Amino acid sequence: MTGQSLPLLATLGWRNLWRHPRRTLVILFAIVLGVWFMIFSAALMIGIVEQQLQDTIFNLTGHAQIHNPKFRDDPAIEHSMPAPNQALLEVLNSRDVVQWSARVRLPAVAMSVRESRGVMLVGIDPQRERGLSFIGEPVVEGRALESISDNGIIIGRRMAEKLETRIGQRIVIMSQDRDKEVADRGFRIVGLFQAELEATETAYVFAGLATTQKLLGMGSDISEISLVTNSREGLDPLVARLSNAAPELESMSWQELEPLVVTAMEFYEAFMVYWYLIIFAAMGIGLTNTMLMSVFERTREIGLFQALGMRPRFIVGQVLMETLILLVIGITIGNLAGWLTTDVLLASGIDLSAFAQGTEQFNMASTMYLTLRPNDLLQINALVIALGLLASLYPAVKAARYVPVEAITRT
Amino acid sequence: MSTVSLRKVCKTFGEGELAVHALRDIDMDIGKGDFVCLSGPSGSGKTTLLNMVGGLDRATSGEIIVADQRVDQMDKGQLAEMRLTTIGFIFQAYNLIPVLTARENVEFVMQLQGIPADVRHRKSREILEEVGLSGLDDRKPAELSGGQQQRVAVARALVSEPALILADEPTANLDSVTAENLMDLLRHLNDEHGITFVISTHDKLVMSHARRLLKMHDGKIIDDIQQR
């Protein structure tokens, strides 16, 4: 096959397709629908995973954390860590880190006049939590904490319901101090926060970092440092730098901190490939059938091609070119439809608030956002073209194997 | 020097009691620039013989040489190459490619040969003019009459200047006037270009145009007549 022959292949392929416009349009529709559905389902799946990841990162995890090595197994006050030293501060204040914050995070009991609940008491620097975690966002009721010495406390909206309390009322926070003695104090509720998940609203209460350290007699010690970086790809080198700066502490990326999320992402990635194959199987059968019909109908013509000296590989190329044209048109329209659906029509997400309780069960937010990644598009398009050509290889080879004298006399 | 040479060529379809001997020990030589008609009743082996010479089918035994190439020893790819470069075909049922225009049909073989577009366009324009179809270049086969279609087929067979043109009942679907015109054209092209023609027919009109007439019966050549 020479370069000169490619225009001939393309001309024959294009015109042959329109010999039976209805049949071509039907298979084209199937390809468009298949490609669109692959793109839509990929965007939906990736959207769910990405959102879960974002929620996880925003839910006090960050992209990386630094702890006392024993803190994750036993988040007790004796497993606190000192405030960051100069070497650590240099890395934390480097260009790669967008925001970082030191926290105290210890188990406690919150008591109102009517109820008591086990909670995680989190001492924060409210200025540093902005852009780092959900508690840096405005509260839904009342006010946010103003400084590390703020005497107020912020609790979740759902927690307020459970404790049967409200803004302005006092609750008592009780925990264990550095000397293993009970430490407690009353806090006035100054704000209520809302989180994507109800579980978050009942899990955490937030007080000023210095106020918490003082309550628990921790001095300047903290439980953890959480940070977000400007590039997830550059996270591993950053974590390595943190480990070098503070070898006695444990620096971990979100992948190590949240292995379940990583597993879920890997599962979704693997699932998507199988999902694509299932969708393609339906499309591929139609494609093979169409090309077989096309080849059978043109047996005599293919015999003529052979008689005129068309080589077998050129005949294979001719059938494949027809398929390729179909696939390219189908993929182009399918991609356009996929982009319109994910980035235009559903750009503001799919509202599932009517099923909020159900989505909560699956750790999903009430609004699902679709995420279209260039890599997924490439993967889908490459898969459809490769498998599409594979599906039409059988009709193509069949055509190339015709015996010229039999084919040309076929009526 | 022979353009086509056959030695003891046999073709048998089927086996055992059901075997049909389509060709029996054919010996034949056709010289360069000859204009030969194979005549005979249906089933005499004319078309089978053409198919063997053209490499469209394989002989059961015997030796076939076309333009100094052993056709009987070629594989599928070599046969395709030989048909592309050495032989032009004209079939009974015109056999044009329906999705291509007259000009594109004529250029088809040249395109397979990898001839540049400007050369193809010039040659196709000249040959269409020579067969009396200038101005009809952009018509699809369905927009042409039977005679015009057969002229396009002739132009296609001729344009790449093959050593041999094989025509299988080329006038079978044409009325007598169109058939006469076509045969005049083929003889004219034979005279002008010196291309060897082998035509199978049972049409007396076609036979009357032949320089040499080979009569076939039951798979054998029974007569070899030089005409004019």
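About the thresholds
- Residues numbered from 1 in each chain as written.
- Chains lettered and ligands numbered in written order.
- Predicted model: local features only at pLDDT ≥ 70, side-chain atom pairs only at ≥ 80, totals over all residues.
- Heavy atoms only, no water.
- Pairing = 2+ DSSP bridges.
- Helix = DSSP H or I, 4+ residues; strand = E, 2+ residues; numbered from the N terminus.
- Contact = heavy atoms within 4.5 Å.
- Axes fitted to C-alpha atoms, helices over the stretch in contact; angles between N-to-C directions.
- Buried area = accessible area lost by both parts, 1.4 Å probe.
- Salt bridge = Lys/Arg side-chain N within 4 Å of Asp/Glu carboxyl O.
- Polar contact = N/O pair within 3.5 Å; in protein donor to acceptor, adjacent residues only side chain to side chain.
- Parallel < 35°, antiparallel > 145°, perpendicular 65-115°, else oblique.
- Left-handed = near helix turned anticlockwise from the far one by under 90°.
- Nonpolar A, V, L, I, M, F, W, Y, C, P; charged D, E, K, R; others polar.
- Phe/Tyr/Trp six-rings, centres within 6.5 Å; stacked < 30°, edge-to-face > 60°.
- Buried < 20%, exposed > 50% of the residue type's maximum accessible area, 1.4 Å probe, protein only.
- 1 Å grid on protein atoms, 1.4 Å probe; cavity = no way out; pocket = protein on both sides within 12 Å on 5 of 7 lines; lining within 4 Å.
- Points joined across faces, edges and corners; volume = space filled by probe spheres on them.
- pLDDT = per-residue confidence, 0-100.
- Expected span 1.5 Å × (residues − 1).
- Arc of directions from axis to C-beta.
- Domains from an automatic or database assignment.
- Patch = residues over 30% accessible without salt bridge, like charges linked within 9 Å, V, L, I, M, F, W, Y side chains within 5 Å.
- Areas by Shrake-Rupley, 256 points an atom, 1.4 Å probe, with all protein chains shown as cover.

**As for the sheet that holds strand 1 (residues 2-13) of chain B**
All names here are of chain B. Judged by pairing direction, the sheet is antiparallel, and its four strands sit side by side in the order 2-1-4-5 without closing on themselves. A strand with exactly one partner marks an edge of an open sheet, and here the two such strands are strand 2 (20-31) and strand 5 (69-70). With respect to the sheet, helix 1 (residues 46-53) is in contact with strand 1, strand 2 and strand 4 (61-66), its orientation differing from that of strand 2 by roughly 60°.

**Considerations on the sheet that holds strand 9 (residues 212-217) of chain B**
Residue and element names in this part refer to chain B. If you trace the six strands from one edge of the open sheet to the other, you get 6-7-8-3-9-10, paired in mixed fashion. Strand pairing shows two members of the sheet lacking a second neighbour, strand 6 (87-90) and strand 10 (220-226), which therefore form its edges. Taking each pair of neighbouring strands and ignoring which way they run, the sheet shows an average axis angle of 20°. As paired elements, strand 6 and strand 7 (residues 164-168) share four bridges and run parallel to each other. Bridging from a neighbouring strand, Phe89 pairs with Leu166 of strand 7.

**Let's talk about the interface of chain A and chain B**
With 29 residues of chain A in contact, the opposing surface of chain B contributes 30 residues. Across the chain A/chain B interface, buried area totals approximately 2,400 Å², and carbon plus sulfur atoms make up 62% of it. At the surface where chain A touches chain B, the tally comes to two salt bridges. Seen at the junction of chain A and chain B, the total is six residue pairs in polar contact (both at pLDDT 80 or more). Broken down by secondary-structure element, the contributors of at least two residues to the side of chain A that touches chain B are helix 1 (5-17), helix 11 (299-307), helix 12 (312-345) and helix 16 (404-408) of chain A.

**Description of the packing of helix 4 (residues 117-130) of chain B against helix 5 (residues 146-159) of chain B**
Geometrically, a packed helix pair is captured by the angle between its two axes and the distance between the axes. Residues and elements named next belong to chain B. Between helix 4 and helix 5, the least distance of the axes is 10 Å, while the angle of their chain directions is 135°. Considered as vectors, helix 4 and helix 5 are oriented oblique to each other. Classified by chirality, the crossing of helix 5 by helix 4 is right-handed. Along its contact with helix 4, which presents Lys123, Ser124, Ile127 and Leu128, the element helix 5 presents Ala155, Leu158 and Val159. The residue makeup of the contact of helix 4 with helix 5, split by class, is five nonpolar, one polar and one charged.

**Description of the packing of helix 10 (residues 259-297) of chain A against helix 14 (residues 374-391) of chain A**
Residues and elements named next belong to chain A. Closest axis-to-axis distance for the helix 10/helix 14 pair is 10 Å, and the angle between their directions is 35°. Regarding helix 10 and helix 14, the two cross each other, and that crossing is right-handed. Packed against helix 10, whose contacting residues are Val273, Tyr276, Leu277, Phe280, Met283, Gly284, Leu287 and Thr288, the element helix 14 presents Asp376, Gln379, Ile380, Leu383, Val384, Leu387, Gly388 and Ala391 at the interface. Classifying every residue of the contact of helix 10 with helix 14 gives 11 nonpolar, four polar and one charged.

**Brief notes about the packing of aromatic side chains**
Residue and element names in this part refer to chain A. Enumeration over the complete set of coordinates arrives at 14 aromatic pairs over all chains. Taken together, a centroid distance of 5.4 Å and an interplanar angle of 75° make the contact between Phe193 and Phe206 edge-to-face. In this pair, Phe193 sits in strand 7 (residues 182-193) while Phe206 sits in strand 8 (residues 204-208), placing the two residues 13 residues apart along the sequence. Accessibility classification places Phe193 together with Phe206 in one group, the buried group.

**Digging into empty space enclosed by the protein**
Across all of its chains, the model carries five cavities of 30 Å³ or more by this definition. Space inside the largest cavity adds up to approximately 50 Å³. Surrounding the largest cavity, Leu308 of chain A together with Arg83, Leu84, Ile87, Gly88, Phe89, Val109, Arg156, Ala157 and Ser160 of chain B form its lining. Where the lining of the largest cavity is concerned, the elements lending two or more residues are helix 2 (76-86), strand 6 and helix 5 of chain B. The dominant element in the lining of the largest cavity, judged by the number of residues it contributes, is strand 6 of chain B, at three residues.

**Focus: the confidence of the model for chain B**
Here chain B averages 90 in pLDDT, and 99% of its residues register 70 or above. Interface predicted TM-score (ipTM) for the complex: 0.88; the corresponding pTM is 0.76.

**Some points on the environment of Phe271 of chain A**
All names here are of chain A. Relative to the elements of secondary structure, Phe271 occurs in helix 10. Taking the relative accessible area as the measure of exposure, Phe271 reaches 30% and is therefore partly exposed. Remark: the alpha-carbon pair of Phe271 and Val239, spanning 32 residues in sequence, is separated by 30 Å.

**Overview of helix 4 of chain B**
Residues and elements named next belong to chain B. Compared with an ideal rise of 1.5 Å per residue, which puts 14 residues at 20 Å, helix 4 spans 20 Å between its outermost C-alpha atoms and is within 8% of the ideal. Those residues of helix 4 that sit buried are Arg120, Ser124, Ile127 and Leu128. Looking down the long axis of helix 4, one finds its buried residues gathered within 100° of arc, a one-sided arrangement. Summarising the geometry of helix 4, the exposed residues directed more than 90 degrees from the buried face are Asp118 and Glu129.

**Some words on the domain arrangement of chain A**
Structurally, chain A comprises domain 1 (3-56 + 261-409) and domain 2 (64-231). A straight line from the C-alpha centre of domain 1 of chain A to that of domain 2 of chain A covers 51 Å.

**Regarding a nonpolar patch on the surface**
Together, Leu336, Trp339, Leu340, Val344 and Leu345 of chain A give the surface a local cluster of nonpolar side chains, amounting to about 500 Å² of exposed area. A relative accessible area of 43% means that Val344 of chain A is categorised as partly exposed.

**A short note on the side chain of Glu104 of chain B**
Mapped onto the elements, Glu104 of chain B comes out in helix 3 (residues 102-113). The exposure class assigned to Glu104 of chain B is buried, which follows from its relative accessible area of 17%. Once residues within four sequence positions are removed from consideration, Glu104 of chain B is found in contact with Arg15 of chain A together with Val99 of chain B.

**A short note on the layout of surface pockets**
In this model, the largest pocket occupies a volume close to 820 Å³. What lines the largest pocket is a set of 34 residues, among which Asp55, Thr56, Phe58, Asn59 and Leu60 of chain A lie closest to the centre. Put simply, the parts of the chain that give the lining of the largest pocket at least two residues each are helix 2 (21-61) and strand 1 (64-67) of chain A. In terms of residue count, helix 2 of chain A provides more of the lining of the largest pocket than any other element does, eight residues in total. Split by residue class, the lining of the largest pocket holds 17 nonpolar, 10 polar and seven charged. By volume, the second largest pocket amounts to about 480 Å³. Along the walls of the second largest pocket sit 23 residues, with Thr409 of chain A together with Thr47, Asn51, Gln92 and Asp168 of chain B positioned nearest its centre. Where the lining of the second largest pocket is concerned, the elements lending two or more residues are helix 16 of chain A together with helix 1, strand 6 and strand 7 of chain B. Sorting elements by how many residues they give to the lining of the second largest pocket places helix 1 of chain B first, with four residues. Taken together, the residues that form the lining of the second largest pocket break down as 12 nonpolar, seven polar and four charged.

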